[in-house]
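One-letter residues, chain by chain:
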Amino acid sequence: MAITKADVIKFLERAADLLRQNRDYLTQLDSAIGDADHGINMDRGFTKIMASLDSVKDKDIGSILKACSMALVSSVGGAAGPLYGTAFMYAAKVLDKKEEITPEELYQALRSALEGIQARGKAVEGEKTMVDAIAPALRAFEEKLQAGASLKEILQAAVQAAEEGVKNTIPMKATKGRASYLGERSIGHQDPGATSSYLLFKAMLDVVEEKGG
Amino acid sequence: MVGIVIVSHSEKLAEGVVELAKQMTAGKGVVIRGAGGLEDGSLGTSFEKILNAINEAYSEDGLLILMDLGSAIMTTQMCIESLPEDMRAKIKLCNAPLVEGAVAAAAAAAQGLSLDEVKKQAENVPLIKVQEESVEVMEAPRGENVASVDVQLVNPTGLHARPASLFVQLASKFKSKVMVQNISAKKPPADAKSIMDMAVNGTAEKGEWIRITAEGEDAQEAVMVLKELVESGFGELEEDEVKVVVKEEAALSEKGVFRGTGVYPGYVVAPAFVYRREEVKVSASIKGTPEEELKKLEEAIEASIKEVEELKDKLSREGDPKVALIFDFHAMVLKDEKMLNEAKSLINRGLSAGEAISKVLEEWARKLEEQGTDLMKGRASDLRDMARRVLKALEGRKTDGVSVEGKVVLIADELLPSEAASLDRNTIAGIAVSRGGTTSHAAILARMWGIPSVVGLGPGILDIPQGTLVALDAADGKLIVNPSANEIELLERKQRELEVAEEELKGKAMEPALTVDGHRVEVVANVGNIDSVAETIEYGAEGIGLLRTEFLFVDRDEMPSEEEQYQAYKRVAEIMGKRPVVIRTLDVGGDKPLAYVPMEREDNPFLGVRAIRLQRLYPELLKTQIKAILRAGIYGNLKLMLPMVANLEEVRWVKTIVDECKEELKAKGVEFASNIEMGIMVEIPSAALMSDLLAKEVDFFSIGTNDLTQYALACDRGNKNLAYLFDSMDPAVLRLIKLTVDGAHAHGKWVGVCGEMAGEKEAIPVLIGLGVDELSMNAKLIPAAKALIRRISYEELKLLAQDALRLGTAKEVRELVIKRCGL
Ligand SMILES: Nc1ncnc2c1ncn2[C@@H]1O[C@H](COP(=O)(O)OP(=O)(O)O)[C@@H](O)[C@H]1O
Ligand SMILES: [Mg+2]
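Residues numbered from 1 in each chain as written. Chains lettered and ligands numbered in written order. Predicted model: local features only at pLDDT ≥ 70, side-chain atom pairs only at ≥ 80, totals over all residues. Heavy atoms only, no water.

**Some details on the overall build of chain B**
Put simply, the test is: A helix here means a DSSP run of H or I that spans at least four residues, while a strand means a run of E at least two residues long, and both kinds are numbered starting from the N terminus. Buried means the residue's accessible area, taken with a 1.4 Å probe over protein chains only, is under 20% of the maximum for its type, while exposed means over 50%, and partly exposed covers the values in between. Only heavy atoms matter for contacts: two residues are in contact if any of them lie within 4.5 Å across the pair. For every accessible area listed, the method is Shrake-Rupley and the probe measures 1.4 Å; residues are considered covered only by the protein chains on display.
Summing up its helical and strand segments, chain B has 32 helices and 25 strands in all. For chain B, the residues scored as buried account for 52% of the 823 residues in total. Put simply, of all contacts in chain B between residues at least 6 apart along the chain, 71% involve residues at least 24 apart. Accessible surface, chain B: about 37700 Å² in total, of which carbon and sulfur atoms supply 50%.

This is the structure:
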C-alpha cells in the first residue's frame with residue numbers, strides 16, 4: 001500500500017498530538033538525567049511544524065520534510081533540535097520530489113534519518129540516546145519488510161522494538177548528551193530522547209491503523 | 001580581521017562573554033557577536049540566532065565560533081552546513097573553554113592574526129586552576145609531654161587499609177593523645193586512635209609526608225615507635241602480582257541476557273537464588289533515658305564485637321585468613337572510641353541507641369565514599385554492614401548470613417562482608433552481582449575462592465524469579481535467563497573444555513617442560529614465605545628459583561637468630577626434597593629499614609646502602625644467615641644467592657665470609673653442607689657487563705629483570721609518569737640479558753631469570769631464545785608457562801631472539817613475539 005502525502009501530513013499531526021499529550025512525561029524523564037526540557041522542546045518543535053505546514057503542504061514529500069527540519073532546528077533549542085532536524089533533512093533527501101512512497105522507500109528514508117542522527121551526534125547503540133530506540137525499530141522494520149508483511153504489521157513490529165529499546169535504556173550509563181555529565185548516576189533512568197523517538201514511530205503506526213491497514 | 005561568534009544556551013552568558021572579549025580588542029574593530037538562548041529568551045540554542053550572528057561577524061579574513069554545551073555545537077554545525085561553500089571554508093569551530101577562549105581569541109584577532117592562528121591562541125589558552133582550599137598544617141607543638149615528628153611513607157600501599165589498622169593499633173597502646181596529619185596533601189589532622197578518622201582524613205600515599213604529634217606522659221615514646229612503624233614500611237613485602245584483566249562495564253542488551261564484567265571465568269547453569277537482604281529497622285518508639293540507651297548501645301556493641309571475633313576465628317580455621325582480615329577492621333571500628341563518643345552525644349540529645357549508631361556509621365560511610373581514596377571507598381559497605389549488626393544486636397538477635405540449599409547461582413545487589421563470609425562455598429556454583437566494581441567484596445571473594453562470577457549486571461537481575469534457570473557465562477561476562485537447550489549445551493561444553501584444559505595444564509605441569517625440538521627449560525617458583533612453599537610443587541615447580549628471606553627479618557625488633565633461620569630453611573629444604581632451592585640473602589635498604597639495624601637516611605635509597613652493601617656494613621647479619629643456610633643444606637638441595645652485586649670485589653669478599661663461616665661451624669663441631677653452590681643476582685647493569693669475569697667466581701646467575709630494567713633505564717617503576725619507559729622487553733634490557741647468558745655459558749654456568757618477566761607470556765619465548773636455562777615465577781603461572789614452552793621450537797626461538805635484539809623498541813619486540821609465536 002502506498003503512503004501518500006496526506007498520510008505524511010497526518011503523521012505529523014498525530015506526532016504533534018502525541019508529543020503534546022506526553023509533554024510532561026518527557027520533561028519529567030529529562031528532569032531525572034537532564035535539564036527538564038525535552039517535552040517542552042519537542043512540543044515547541046512540532047507546534048512550529050504545524051504552523052509552517054500551510055505554506056508547504058502542496059509541495060512534494062521531500063520539501064515538506066525539509067520544512068519540518070527547519071522548523072525543528074529553529075525552535076527546539078536542546079540537543080533534540082539539531083538531531084531530529086538532521087534526521088528530517090536526511091529523510092527529505094531520500095524522498096525528494098516524491099508525491100507517494102512505498103514501504104521500501106519509507107524504510108530507506110528512516111535509515112537515512114538514523115544515519116543523520118548518528119553523523120550529527122556521534123552516538124552508537126548502548127549510549128542511552130534516541131539511537132537505542134530507533135536502531136532496533138529499524139531492524140524490526142527491515143525484517144518484516146523482507147518477509148513481505150503489510151505496512152501495518154511492519155510498523156507494529158517497529159513500534160514494539162522501539163518500546164523495548166526505550167526500556168533497555170534504563171540500565172545504561174549515558175556517554176553522550178547532557179546525561180553523560182551524570183556518569184554512573186544516569187543508570188536506572190529511562191532516556192527521554194529514546195522515548196520521543198518511540199512516540200514518533202507510534203504516530204506512524206496510528207496513521208496506518210486508522211487508515212485500515 | 002577575524003570575526004568571532006559566541007554560541008551559548010543562555011543569552012545573558014553569550015552577551016557577558018562578548019562584553020569581556022571586547023575589552024581585549026582595544027577598539028580595533030573586531031566584530032564579536034553573541035548567539036545565546038532561544039527567540040523567546042528561554043534557554044537553548046537557536047538556529048536563526050546563530051545564523052544571524054555568523055552573517056554579522058563574518059569577514060573575508062574568517063570567522064571563529066566558540067560554543068558552550070552539546071547542542072550548541074550540533075546546531076552550529078547545522079548552520080554552517082546551510083551556508084555557501086566559500087563561506088564555509090573560512091569558518092572554524094573552536095574547542096576552547098568559552099570565557100578564556102573568547103578573551104584570547106579577541107586579543108589575537110585584534111592583532112590581525114590569521115584564522116588558524118586565532119584558533120590556536122584560543123585553544124591553547126592557559127587555564128588558571130584554583131588551588132584547593134588549603135588546610136592549616138598543625139604547628140609542631142613544643143613543651144613538656146609533647147612530641148612531634150615528620151616522616152615519609154615508604155611502603156607501596158601508603159597509609160591505607162592494613163597499614164592504617166596497624167598504625168591505629170599501635171597508637172592505641174599509648175596513653176598520650178596522638179594526632180596524624182598528612183602535610184604533603186594538606187589534609188585535616190586525624191585522631192590516630194580512631195580507625196574511622198584515619199580512614200577518612202589520615203590517609204597518605206607512598207612518598208607523602210605525615211606529621212605525628214603526641215601529647216601526654218608517653219608522648220616521646222609514642223612518636224618514636226610510630227615513626228619506626230612508618231619507616232619500616234609496615235613490614236609490607238612485595239608480592240608477585242597476578243594481573244587480572246577485566247573488561248569494560250556493559251549493560252543489558254539482548255532479550256533475557258544481562259551483561260556485566262566477569263571477575264572469575266567459568267560457565268555455570270543452575271537455578272537462581274536471589275538474595276534479598278532483610279530490612280533492619282531502627283526502633284525509635286520504645287526509648288529509655290539517655291543512660292539506659294547508652295547502656296543498651298554499649299551492650300549491643302559488645303555483643304557485635306563478640307560475633308565478629310567468632311566469625312574471624314571460624315574463617316581463619318577454615319583456611320581463609322585473608323577474608324578473616326576483613327573482620328579485623330570491623331572489630332577495630334566497633335572498638336573505636338571516637339565512634340562511641342559521637343553516638344553518645346547523639347543519645348544525650350535524645351536519640352535512641354539504634355538511631356544514634358546508624359546515624360554515626362552512615363555519616364562515616366558517606367564521608368568515606370566522598371572523601372576516601374579508592375582503596376578506602378570500598379570500606380563504606382563494611383560500615384553499613386556493621387550498623388546492621390549492631391541494630392540486630394540491639395533487638396537481641398544475631399546476624400545470620402546467607403543460607404542456601406543445593407547448587408545455585410547466587411544473585412544479589414552486592415554482598416556485604418558478613419554475608420560473603422557466611423556463604424558456604426560448596427553450594428554456590430556462581431555469583432551474579434548487580435552493582436559494578438571489580439574491587440568489591442563479592443569480586444574479591446569470587447577470585448579468592450575461584451567461583452565463576454560476573455559483576456555490574458544492573459538492577460534488572462534482582463527481579464529474576466527465585467529458582468529460574470539461569471546460565472552464567474563468566475568468561476564473556478553475561479547472565480542468560482531461561483537459557484535455551486542450545487545455549488545450555490554450549491555452556492556445558494565450554495565448561496567441560498575448560499575443566500579438561502585445566503586438568504591437562506595441571507596434570508602436565510608435573511612433567512618437565514621441553515620445547516617441540518626437545519630443549520629442556522627448568523621452570524621453578526618464586527616464594528616469599530614458608531606457607532606457600534608446599535603449594536609450588538602442586539603447580540609443577542621443579543624447585544624454588546628465588547626464596548626471598550625478608551619475611552624472617554621485617555616486622556620485628558631483633559634480628560632472627562641463627563637457630564631460628566636454620567629451622568626455617570630446614571623446613572623448606574625438607575618440603576622440597578631433592579628439588580633445588582635458591583635462597584637469596586637479605587635484600588633490604590633504606591626504603592625498608594629494620595628496627596635493629598641502624599640505617600642512615602639516604603636521599604636515594606635505591607642507589608644507597610642495601611642488600612649486599614648493607615651486609616658489608618654489618619657482616620654479622622650475613623654470617624648468621626650463611627651459617628643457617630649451610631647447616632640447613634644437609635636436608636636438601638639448597639643454594640646461596642647474593643642480591644645486588646655490583647662488582648667482583650663484593651663476590652670475593654662474600655667468599656671469604658663463607659670460608660669463615662665454615663671454619664667457625666667446624667670449630668664448633670656443627671654439621672653442615674660443605675658443597676653449597678653460590679650464585680649472584682644480576683640486576684645492576686655493571687654485573688651484566690662484567691658477567692664473563694663474574695662467571696668464573698660463582699656457580700650461577702639469576703637475572704632480576706625488574707631491578708635490571710629499573711637501573712638500566714634509570715626509571716623508578718613506581719613512578720606513574722614513567723610508565724612509558726619501564727618495560728623489561730626493552731631491547732636495551734634484552735641486550736644485557738644476552739651478555740649475561742653469554743658470559744655464563746662461556747664458563748659452563750647456568751642462568752635463571754627471576755623477575756616478573758619470567759612468567760610473562762610474551763617474554764618467555766625471547767628469554768628462552770636468548771639462552772636462559774631457568775625461569776622462576778609466581779607458582780600459579782607455572783602450568784601455563786610450561787604449556788607454552790611445549791608448543792614452541794628452540795631453534796626458532798633462537799632466531800626470534802636474534803631478530804628481537806636488532807629491534808629498536810619494546811613495543812616492536814612484543815609485536816614480533818606475538819606474530820611469530822601466534823600468541
Ligand atoms: N549526541 C547525541 N546523539 C544522539 N542523541 C542524543 C545526543 N545527545 C542527546 N541526545 C538525545 O537527546 C535527548 C535530550 O534532548 P533535549 O532535552 O532536547 O536536549 P538537551 O539535552 O540539550 O536539553 C537525550 O535524551 C538523548 O536521547
Ligand atoms: Mg534536556
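**With respect to the sheet that holds strand β15 (residues 469-473) of chain B**
Residue and element names in this part refer to chain B. How we decide: The pairing criterion for strands is at least two bridges between them, as found by DSSP. Every angle, taken between N-to-C directions, lies between 0 and 180 degrees, and every axis is a line fitted to C-alpha atoms, over only the stretch in contact when it is a helix.
In spatial order, the strands read β9-β16-β15-β11-β12-β13-β14-β10; together these eight strands make up an open sheet with mixed pairing. Because the sheet does not close on itself, it has two edges, and the strands there are β9 (257-259) and β10 (261-264). Taking each pair of neighbouring strands and ignoring which way they run, the sheet shows an average axis angle of 30°. Bridge count for strand β11 (residues 267-274) against strand β12 (residues 408-412) is three bridges, and the pairing is parallel. The partner of F273 across the bridge, within β12, is L410.

**Here's the deal with empty space enclosed by the protein**
All names here are of chain A. Stated precisely, the cut-off is as follows: Note on definitions: the grid is 1 Å and covers protein atoms alone; a cavity is a set of points where a 1.4 Å probe fits but cannot get out; a pocket is an open set with protein on both sides within 12 Å along at least five of seven lines; lining residues have an atom within 4 Å of a point. Grid points are joined across faces, edges and corners, and a volume is the space filled by probe spheres set on the points. Amino acids are sorted into nonpolar (Ala, Val, Leu, Ile, Met, Phe, Trp, Tyr, Cys and Pro), charged (Asp, Glu, Lys and Arg) and polar (every other residue, Gly among them).
This structure, assessed with the given rule, holds one cavity of 30 Å³ or more. As a volume, the largest cavity reaches approximately 510 Å³. In terms of lining residues, the largest cavity is bounded by 28 residues, among which F11, F88, L106, L110 and M204 are the most central. Looking at the lining of the largest cavity, the element that brings in the most residues is helix α9 (residues 192-211), giving seven residues. When grouped by side-chain class, the residues that make up the lining of the largest cavity number 25 nonpolar, one polar and two charged.

**Let's talk about the coordination of the magnesium ion (ligand 2)**
Around a metal, the perfect tetrahedron of four donors has angles of 109.5 degrees, and the perfect octahedron of six donors has angles of 90 or 180 degrees. All names here are of chain A. Just so we agree on the cut-off: Coordination shells were defined by N, O and S atoms within 2.8 Å of each metal, extended to 3.2 Å for Na, K and Ca; water is absent from the atom set, which can make sites look incomplete.
For the magnesium ion (ligand 2), the full set of protein donor atoms is D30 (OD), D35 (OD) and D37 (OD), and the range of their distances to it is 2.0 to 2.2 Å. Spacing between the donor residues of the magnesium ion (ligand 2) along their common chain follows D-x4-D-x1-D. For the residue pair D30 and D37, the accessibility class agrees, reading buried in each case.

**Here we look at the environment of T76 of chain B**
All names here are of chain B. Inspection of the secondary structure puts T76 in helix α3 (residues 70-81). The class for T76 is buried, based on a relative accessible area of 0%. Residue contacts for T76: discarding those within four places in its chain leaves V7, I50, I65, M67 and L93.

**What about helix α21 (residues 562-576) of chain B?**
All names here are of chain B. Put simply, the rule reads: Multiplying 1.5 Å by the helix residue count minus one yields the expected span of that helix.
Its 15 residues give α21 an end-to-end C-alpha distance of 21 Å, which sits within 8% of 21 Å, the value for a rise of 1.5 Å per residue. Looking at α21, one finds that the buried residues are E562, Q565, Y566, A568, Y569, K570, V572, A573 and M576. Downstream of α21 by one or two residues, G577 has phi in the positive range, about 60°.

**Looking at the interface of chain B and chain A**
Here is the rule we go by: Summed over both partners, the accessible area (1.4 Å probe) lost when two parts come together is defined as the buried area. Just to be clear on terms, a salt bridge is a Lys or Arg side-chain nitrogen sitting within 4 Å of an Asp or Glu carboxyl oxygen. Any pair of N or O atoms that falls within 3.5 Å is considered a polar contact. Within protein, one atom must be able to donate a hydrogen and the other to accept it, and sequence-neighbouring residues count only if both atoms are side-chain atoms.
Taken together, the contacts link 22 residues of chain B with 24 residues of chain A. Buried area between chain B and chain A, both sides added, is near 1700 Å², and the carbon and sulfur share of it is 58%. At the surface where chain B touches chain A, the tally comes to one salt bridge. As a salt-bridge pair, E81 of chain B and R120 of chain A come within 2.7 Å of each other at their nearest N and O atoms. Where chain B packs against chain A, one counts seven residue pairs in polar contact (both at pLDDT 80 or more).

**With respect to the packing of aromatic side chains**
Residues and elements named next belong to chain B. Stated formally: For this analysis, a ring pair means two rings from Phe, Tyr or Trp (six-membered ring only for Trp) whose centres lie within 6.5 Å, classed as stacked if their planes differ by under 30 degrees, edge-to-face if by over 60, and tilted for the remaining angles. By the criterion adopted, a ring carries a charge over it if an Arg CZ or a Lys NZ lies within 6 Å of its centre and within 35 degrees of its normal.
The final tally for this structure, using the stated rule, is four aromatic pairs over all chains. Taking 4.6 Å as the distance between ring centres and 5° as the angle between the ring planes, the aromatic pair formed by F700 and W750 counts as stacked. Residue F700 is found in strand β23 (residues 700-703), and its partner W750 is found in strand β24 (residues 750-753); the two are separated by 50 residues along the sequence. Looking at W750, the relative accessible area reads 24%, which means it is partly exposed. One Lys or Arg, K367, reaches over the ring of W364 and ends 4.5 Å from the middle of that ring. One residue, K570, lies across the ring of Y635, its end atom 4.8 Å from the ring centre.

**Examining the nonpolar core**
Quick note on the threshold: In this text, buried Ala, Val, Leu, Ile, Met, Phe, Trp, Tyr and Cys residues form a nonpolar core when linked through side-chain atoms within 4.5 Å.
I737 and L775 of chain B are the most contacted members of the largest nonpolar core, which totals 99 residues. Ranked by the residues each element gives to this core, the list is headed by helix α24 (residues 648-668) of chain B, at eight residues.

**Quick word on a nonpolar patch on the surface**
All names here are of chain B. This is how it is decided: Patches draw on residues past 30% relative accessible area with no salt bridge. Two like charges within 9 Å are joined, as are two nonpolar side chains (Val, Leu, Ile, Met, Phe, Trp, Tyr) within 5 Å.
Taken together, the side chains of L689, M690, L693 and L739 define a hydrophobic patch exposed on the protein surface, amounting to about 330 Å² of accessible area. Within the secondary structure layout, L693 lies in helix α26 (residues 691-697). Residue classification places L693 among the partly exposed positions, given a relative accessible area of 33%.

**A short note on the sheet that holds strand β2 (residues 32-36) of chain B**
Residue and element names in this part refer to chain B. Within the open sheet, the four strands sit side by side as β2-β1-β3-β4. Their pairing is parallel. This sheet does not close on itself; its edge strands, each paired only once, are β2 and β4 (91-94). Taken over all neighbouring pairs, the strand axes of this sheet differ in orientation by 20° on average, direction set aside. Where helix α1 (residues 11-22) meets the sheet, its contacts fall on β1 (3-8) and β2, and the angle it forms with β2 comes to roughly 165°. Its contacts with the sheet place helix α2 (residues 47-57) against β1, β2, β3 (63-67) and β4, and it is angled at close to 175° to β2.

**Describing the pattern of salt bridges**
The full count for this structure, using the stated rule, is 54 salt bridges over all chains. Among the ionic pairs, D7 of chain A bridges to K211 of chain A, the shortest N-O distance being 2.5 Å. Of this pair, D7 of chain A sits in helix α1 (residues 5-21) while K211 of chain A is found in helix α9, placing the two residues 204 residues apart along the sequence. Take K211 of chain A: its relative accessible area is 38%, and that puts it in the partly exposed class. We note a salt bridge from K335 of chain B to E309 of chain B, for which the minimum N-O separation is 3.3 Å.

**A look at the pairing of strand β19 (residues 544-547) of chain B**
Residues and elements named next belong to chain B. Operational definition: A crossover counts as right-handed when, viewed with the strands pointing away from the observer, the path leading from the first strand over the helix to the second turns clockwise.
In the sheet, strand β18 (residues 520-527) pairs with β19 via three bridges, with the strands oriented parallel. Pairing of A525 across the sheet is with I544, part of β19. Considered for its hand, the β-α-β crossover made up of β18, helix α19 (residues 533-538) and β19 is right-handed. Of the strand pairs in this sheet, β19 and strand β20 (residues 580-584) are connected by two bridges, and their pairing is parallel. Residue pairing for β20: I544 is matched across the bridge by V581.

**Brief notes about the side chain of K5 of chain A**
All names here are of chain A. Position of K5 among the secondary structure elements: in helix α1. The exposure class assigned to K5 is buried, which follows from its relative accessible area of 17%. Excluding anything up to four places from it in sequence, K5 contacts K57, D58, K59, D60, I61, I64 and E99.

**A look at the site of ligand 1**
All names here are of chain A. Filter applied, for reference: Any residue with at least one heavy atom within 4 Å of a molecule or strand is counted as near it.
Among the 20 residues in the neighbourhood of ligand 1, the closest are listed as D35, A79, G121, D191 and G193. Between ligand 1 and D191 there is a distance of 2.6 Å, counted from an oxygen atom to a side-chain nitrogen or oxygen. At a separation of 2.9 Å, an oxygen atom of ligand 1 approaches a polar backbone atom of G193. For ligand 1, whose free accessible area comes to 560 Å², the fraction covered by protein is 95%. Counting residues per element, the ones that place at least two in the shell around ligand 1 are α3 (38-56), α5 (80-94) and α9. The dominant element in the shell around ligand 1, judged by the number of residues it contributes, is α9, at three residues. Here the shell around ligand 1 is built from residues that sort into seven nonpolar, seven polar and six charged.

**Points about the confidence of the model for chain B**
All names here are of chain B. This is how the line gets drawn: As a per-residue quantity, pLDDT reports the predictor's confidence and falls between 0 and 100.
Overall, the predicted model of chain B reaches an average pLDDT of 86, with 91% of residues at or above 70. Put simply, helix α14 (residues 374-377) is where chain B has its lowest mean pLDDT, 64, and β23 is where it has its highest, 98. A low-confidence stretch, residues 239-253 stays under pLDDT 50, and its non-local contacts, those more than four residues away or across chains, total 33 contacts. What the predictor reports for the complex is a pTM of 0.42 with an ipTM of 0.77.

**So, the packing of α21 of chain B against helix α23 (residues 619-632) of chain B**
Residues and elements named next belong to chain B. The condition that has to hold: Note on angle classes: values under 35 degrees are labelled roughly parallel, values over 145 roughly antiparallel, values of 65 to 115 roughly perpendicular, and the remainder oblique. Here is the rule for handedness: rotate from the far helix to the near one, and if that takes an anticlockwise turn smaller than a right angle the crossing is left-handed, while a clockwise turn gives right-handed.
Contact geometry for α21 and α23: axes closest at 8 Å, N-to-C directions at 40°. Judged by the angle between their axes, α21 and α23 are oblique. Here α21 and α23 pass one another in a crossing that is right-handed. Facing E562, E563, Q565, Y566, Y569, K570 and A573 of α21, the residues of α23 in contact are T624, Q625, K627, A628, I629, R631 and A632. Among the residues making up the contact of α21 with α23, the classes are represented as six nonpolar, three polar and five charged.

**What to know about unusual backbone geometry**
All names here are of chain B. In this model, N482 sits at a positive phi of 45°, which is unusual for a non-glycine residue. With respect to the helices and strands, the residue N482 is situated in the loop between β16 (478-481) and α18 (485-509). The class for N482 is exposed, based on a relative accessible area of 53%. The residue M644 is not glycine, and still its phi comes out positive at about 60°. As for its position among the elements, M644 is in the loop between β21 (637-642) and α24. Take M644: its relative accessible area is 2%, and that puts it in the buried class.

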